[in-house]
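So you can see what is in the structure, the chains are spelled out below.
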Amino acid sequence: MTDFLNEAKQLFSYTQSLRRDLHMHPELGFKEVRTGGIVARELESLGIEVTKGVGKTGVVGLLEGEKPGPTLLLRFDMDALPIAEQTGADYASQNQGVMHACGHDGHTAIGLTVAKILNARRDQLAGTIKFCFQPSEEGNNGEEVGGAEMMMRDGVLEGPKVDMSLALHLWNEKPLGWVGVTQGPIMAGAEIFTVKITGRGGHGAIPDAAVDPVIAAANIVNSLQSIVSRNVPPLETAVLSVTNIHGGTAFNIIPQEVMLEGTIRTFDRGVRQKVVERFEQIARGVGEGMGCQIEVNIKRLTPALVNNALMTAKVQETARRVLPESNLDSEYQTMTAEDMAFMQEKVPACYFFIGSNDKSRHLDYGHHHPKFDFDEEALVRGSALMAAAAMDVLGEGPAK
Ligand SMILES: [Zn+2]
Ligand SMILES: [Zn+2]
């Protein structure tokens, strides 16, 4: 039997140097020009057919096995975040204010390592691998849709038609050695909301002549917290976070307007509906009660990310075989969101997590933190499991 873990270990210096190079040169969503160029160069050097510009800066590589079979899409995201890095690592970002703080540098490096491993096994591959290097997972970055949808608009699921897919995330919430492979909904559906609170500006010392949107904002933020605690059934799950408050210019001016922004996360459609309804009632009711005009805007970002049961069982089997030392968690769910959910609505898929923190080396800051970094040993595990799972899943044909 092929030892995928050993092979990934042998390729570690390749994976690591790619990851560190990408880490030093992070690029925001739909601007992954240098990154996409490296991806294309590496895939082409293996003789893999490459298409650039799929979903703006996305790159697709097609590896046809020597045996007939279905088409399996492997997705790796490439974008960084608008964060000023504070890791102090010698491979820290050289692009001021932009940072790979989610691990997508690692995903891209894993994807190229997997391409090497699978390309060497072309003769055993029963089907076609479509390597999908996706831009802008972290948001739309000024475009109408994010990276997954943008690639779908450009036909990434067609020609050849994709039968199933796999994706992964390095996961700093969990230690190295932990692997999360769960069936059903594993990441939440996400909405972004804004509330515009318009009062009447005036002097800070003459509040009675003004309508203060700041006090209305404070009350709305507090009242919204009753939705999860009082309106969502206790055994269901939802998150509502106000993450952004903007208003005012000086200590003695009551501003004309305050803006709130934040996110709602849910797994279940009914719960989502309930939260959205109550949100509008509370924001409007409280704000208008305080004399302000309220505009609520709630926009769906992604649906929940749902793993196909059969494919997930297969990947769990692969994980037990390829990473026997690992702690396999088949129950893990998180309220974070993922635009891979759009592709997973269309094709049966399994999305899994590779534990990557190392407390002893302080590599345990959370995703999107300016000191985020992970144990690079996780790259080896991610590459081994992704490559092995791809072989196994293709061997069994499309999941029903
Ligand atoms: Zn992220
Ligand atoms: Zn991410």
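Everything here concerns the structure above.
Residues numbered from 1 in each chain as written. Chains lettered and ligands numbered in written order. Predicted model: local features only at pLDDT ≥ 70, side-chain atom pairs only at ≥ 80, totals over all residues. Heavy atoms only, no water.

### A short note on the overall build of the protein
Turning to step 1, where the next piece is worked out: A count of helical and extended segments in the protein gives ten helices and 16 strands.
Turning to step 2, where the next piece is worked out: Referenced to the eigenvectors of the C-alpha coordinate spread, the extents of the protein come out at roughly 80 × 45 × 40 Å.
Turning to step 3, where the next piece is worked out: Relative to its full complement of 400 residues, the protein shows a buried share of 56%.
Turning to step 4, where the next piece is worked out: When contacts within the protein are restricted to residue pairs at least 6 apart in sequence, long-range pairs at least 24 apart make up 81% of them.
Turning to step 5, where the next piece is worked out: Split by element, the accessible area of the protein, about 16800 Å² in all, is 48% carbon and sulfur.
Turning to step 6, where the next piece is worked out: For the protein, the distance from the average site of its 37 positive side-chain charges to the average site of its 51 negative ones is 2 Å. (Helix = DSSP H or I, 4+ residues; strand = E, 2+ residues; numbered from the N terminus. Buried < 20%, exposed > 50% of the residue type's maximum accessible area, 1.4 Å probe, protein only. Contact = heavy atoms within 4.5 Å. Areas by Shrake-Rupley, 256 points an atom, 1.4 Å probe, with all protein chains shown as cover. Lys, Arg positive; Asp, Glu negative; His and termini not counted. Charge placed at Lys NZ, Arg CZ, Asp CG, Glu CD.)

### A look at the coordination of the zinc ion (ligand 1)
Six octahedral donors around a metal ideally subtend angles of 90 or 180 degrees, whereas four tetrahedral donors ideally subtend 109.5 degrees.
Turning to step 1, where the next piece is worked out: Around the zinc ion (ligand 1), the protein supplies Cys102 (SG), Glu138 (OE), Glu138 (OE) and His368 (NE2) as donor atoms, at distances of 2.1 to 2.7 Å.
Turning to step 2, where the next piece is worked out: Coordination at the zinc ion (ligand 1) is irregular: its four donor atoms span angles of 52 to 147 degrees at the metal.
Turning to step 3, where the next piece is worked out: Mapping the donors of the zinc ion (ligand 1) onto the primary sequence gives the spacing C-x35-E-x229-H.
Turning to step 4, where the next piece is worked out: Between the two metals, the zinc ion (ligand 1) and the zinc ion (ligand 2), the spacing is 3.1 Å, and Cys102 donates to both. Here Glu138 is found in the loop between strand E4 (126–134) and helix H5 (147–153), whereas its partner His368 is found in the loop between strand E16 (349–357) and helix H10 (377–396), with 230 residues between them in sequence. (Donors = N, O, S within 2.8 Å, 3.2 Å for Na, K, Ca; no water. Tetrahedral: all angles 85-135°; square planar, octahedral: opposite > 155°, others 65-115°.)

### Here's the deal with the packing of aromatic side chains
Turning to step 1, where the next piece is worked out: A complete count under the given rule lists seven aromatic pairs for this structure.
Turning to step 2, where the next piece is worked out: The structure contains a cluster of three or more aromatic residues connected by ring pairs, namely Trp171, Trp178, Tyr332, Tyr351 and Phe353.
Turning to step 3, where the next piece is worked out: The aromatic ring of Tyr14 is capped on one face by Lys116, whose charged end is 4.4 Å from the ring centroid. (Phe/Tyr/Trp six-rings, centres within 6.5 Å; stacked < 30°, edge-to-face > 60°. Lys NZ or Arg CZ within 6 Å of the ring centre and 35° of its normal.)

### Quick word on the nonpolar core
Turning to step 1, where the next piece is worked out: Grouped together as the largest cluster of nonpolar side chains are 64 residues, with contacts concentrated most on Leu74, Leu118, Ile129, Phe131 and Leu166.
Turning to step 2, where the next piece is worked out: With 13 residues, the single largest contributor to this core is H10.
Turning to step 3, where the next piece is worked out: Residues in contact with Leu118, not counting those within four places in the same chain, are Leu63, Leu74, Leu125, Ile129, Phe131, Ala387, Ala390 and Met391. (Core = buried A, V, L, I, M, F, W, Y, C linked by side-chain atoms within 4.5 Å.)

### Examining the coordination of the zinc ion (ligand 2)
Turning to step 1, where the next piece is worked out: Taken together, the protein donors to the zinc ion (ligand 2) comprise Cys102 (SG), His104 (NE2) and His169 (NE2), at separations of 2.1 to 2.4 Å.
Turning to step 2, where the next piece is worked out: In primary sequence terms, the donor set of the zinc ion (ligand 2) follows C-x1-H-x64-H.
Turning to step 3, where the next piece is worked out: The exposure class assigned to His104 is buried, which follows from its relative accessible area of 0%.

### Regarding the pattern of salt bridges
Turning to step 1, where the next piece is worked out: Taken as a whole and assessed by the stated rule, the structure comprises 18 salt bridges.
Turning to step 2, where the next piece is worked out: The salt bridge involving Asp373 is made with Arg19; its shortest N-O contact spans 3.0 Å. Placement of Asp373 in the loop between E16 and H10 and of Arg19 in helix H2 (residues 12–24) is noted, with a sequence separation of 354 residues between them.
Turning to step 3, where the next piece is worked out: Asp373 gets classed as buried once you look at its relative accessible area, which sits at 5%.
Turning to step 4, where the next piece is worked out: Relative accessible area serves as the criterion here: at 0%, Arg19 is assigned to the buried category.
Turning to step 5, where the next piece is worked out: Across the salt bridge formed by Arg381 and Glu377, the nearest N and O atoms sit 3.7 Å from each other. (Salt bridge = Lys/Arg side-chain N within 4 Å of Asp/Glu carboxyl O.)

### Points about unusual backbone geometry
Turning to step 1, where the next piece is worked out: The linkage connecting Gly159 with the following residue, Pro160, adopts the cis geometry, with an omega of -5 degrees.
Turning to step 2, where the next piece is worked out: Even without glycine at this site, Lys56 takes up a positive phi of about 60 degrees.
Turning to step 3, where the next piece is worked out: Its location among the elements puts Lys56 in the loop between strand E1 (49–52) and strand E2 (59–64).
Turning to step 4, where the next piece is worked out: A positive phi is found at His362, a non-glycine position, where the angle reads about 60 degrees.
Turning to step 5, where the next piece is worked out: Within the secondary structure, His362 is located in the loop between E16 and H10.

### So, the environment of Lys314
Turning to step 1, where the next piece is worked out: Along the chain, the position of Lys314 falls in helix H8 (residues 309–322).
Turning to step 2, where the next piece is worked out: With relative accessibility at 15%, the residue Lys314 sits in the buried group.
Turning to step 3, where the next piece is worked out: A sequence separation of 36 residues divides Lys314 from Cys350, and the C-alpha atoms of the two residues are 9.2 Å apart.

### As for the layout of surface pockets
Turning to step 1, where the next piece is worked out: Of the volumes computed, that of the largest pocket is approximately 1000 Å³.
Turning to step 2, where the next piece is worked out: The wall of the largest pocket is formed by 37 residues, among which Glu138, Arg265, Leu301, Ala337 and His368 lie closest to the centre.
Turning to step 3, where the next piece is worked out: Every element with two or more residues in the lining of the largest pocket is listed here: H5, strand E5 (164–175), strand E8 (189–198), strand E10 (238–247), strand E12 (257–266) and strand E13 (293–302).
Turning to step 4, where the next piece is worked out: Here the residues of the lining of the largest pocket are counted per class, giving twelve nonpolar, 13 polar and twelve charged.
Turning to step 5, where the next piece is worked out: Volume-wise, the second largest pocket comes out at about 230 Å³. (1 Å grid on protein atoms, 1.4 Å probe; cavity = no way out; pocket = protein on both sides within 12 Å on 5 of 7 lines; lining within 4 Å. Points joined across faces, edges and corners; volume = space filled by probe spheres on them. Nonpolar A, V, L, I, M, F, W, Y, C, P; charged D, E, K, R; others polar.)

### Let's talk about the sheet that holds strand E3 (residues 67–77)
Hydrogen bonding along the main chain pairs the strands of a sheet, whether they run parallel or antiparallel.
Turning to step 1, where the next piece is worked out: Pairing in this open sheet of eight strands is mixed, and the strands run E1-E2-E4-E3-E5-E16-E6-E15 from one edge to the other. The open sheet has two edge strands, E1 and strand E15 (327–329), and neither has a second partner. The sheet shows a mean angle of 20 degrees between the axes of neighbouring strands, direction not considered.
Turning to step 2, where the next piece is worked out: Sitting on the sheet, helix H3 (residues 33–45) touches E1, E2 and E4, and the angle it makes with E2 is about 15 degrees.
Turning to step 3, where the next piece is worked out: Helix-sheet contacts for H8 involve E5, E15 and E16, and the interaxial angle to E16 is about 35 degrees. (Pairing = 2+ DSSP bridges. Axes fitted to C-alpha atoms, helices over the stretch in contact; angles between N-to-C directions.)

### Overview of the packing of helix H6 (residues 213–231) against helix H7 (residues 269–289)
Turning to step 1, where the next piece is worked out: Between H6 and H7, the shortest axis-to-axis distance is 9 Å and the interhelical angle comes to 150 degrees. With respect to H7, the element H6 is oriented roughly antiparallel. The way H6 lies across H7 gives a crossing that is right-handed. Residues Asn219, Ile220, Ser223, Leu224, Ser226, Ile227 and Asn231 of H6 touch H7, and the partners they reach there are Lys274, Val275, Arg278, Phe279, Ile282, Ala283, Val286 and Gly287.
Turning to step 2, where the next piece is worked out: For the contact of H6 with H7, the class distribution of residues is eight nonpolar, five polar and two charged. (Parallel < 35°, antiparallel > 145°, perpendicular 65-115°, else oblique. Left-handed = near helix turned anticlockwise from the far one by under 90°.)

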